[in-house]
Amino acid sequence: NGNGNADASDVYYHITVNYLEPTSVNDLPSSIAITAYPNPTQNNFNLKFENAISGKYLTTIYDLNGRKLQQQEEQINNSAVLQFNTENLSKGMYLVHVEKDGAQRVLPITIQ
């Protein structure tokens, strides 16, 4: 009732707050070197892997609106160079998403 005294006409509210741990995405280990070149590019680019953990890597190219444009999966053992054709993509910036076993890395690529 706002009179400054705790009495029967006071209103009490019980509020419960649930805190959820934020989810995160694991990054690929920094010991794995992944380089996109040439960058900027025109018709194709390469992804060079060095010191990679052996296994299957899924590489996906997204536009800046999040649309999946290309995807390929490759078996990589320590080092490799993968080539991507970009002739069908418009000029602009894209994100190259590399994933292995739930861990990922994202590299920007520009097409001129």
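Residues numbered from 1 in each chain as written. Predicted model: local features only at pLDDT ≥ 70, side-chain atom pairs only at ≥ 80, totals over all residues. Heavy atoms only, no water.

**Student:** What is the right way to look at a nonpolar patch on the surface in this model?
**Tutor:** Among the surface-exposed residues, Leu 64, Met 93, Leu 95 and Val 106 lie close enough to one another that they form a single nonpolar patch of about 340 Å² accessible area. Note on placement: Met 93 falls in strand E4 (residues 92–100). (Patch = residues over 30% accessible without salt bridge, like charges linked within 9 Å, V, L, I, M, F, W, Y side chains within 5 Å. Areas by Shrake-Rupley, 256 points an atom, 1.4 Å probe, with all protein chains shown as cover. Salt bridge = Lys/Arg side-chain N within 4 Å of Asp/Glu carboxyl O. Helix = DSSP H or I, 4+ residues; strand = E, 2+ residues; numbered from the N terminus.)

**Student:** So what exactly am I meant to see when it comes to unusual backbone geometry here?
**Tutor:** Peptide bonds are, in most cases, trans, and in most cases residues other than glycine have a negative phi. Residue Pro 38 follows Tyr 37 across a cis peptide bond; omega there is -15°. Along the chain, the position of Pro 38 falls in the loop between strand E1 (33–37) and strand E2 (44–63). Put simply, Asn 39 and Pro 40 share a cis peptide bond, and its omega is 10°. In this structure, Asn 51 takes a positive phi of about 60° despite not being glycine. Mapped onto the secondary structure, Asn 51 falls in strand E2.

**Student:** Is there a simple way to think about the pairing of E1 in this case?
**Tutor:** Remember that side chains alternate between the two faces of the sheet whenever the strand is regular. The side-chain alternation of E1 yields one buried face, formed by Ile 34 and Ala 36, and one unburied face, formed by Ala 33, Thr 35 and Tyr 37. With five bridges connecting them, E1 and E2 associate as antiparallel partners. The residue of E2 that forms the bridge with Tyr 37 is Asn 46. Hairpin connection between E1 and E2: a loop of six residues separates the two successive antiparallel strands. (Buried < 20%, exposed > 50% of the residue type's maximum accessible area, 1.4 Å probe, protein only. Pairing = 2+ DSSP bridges.)

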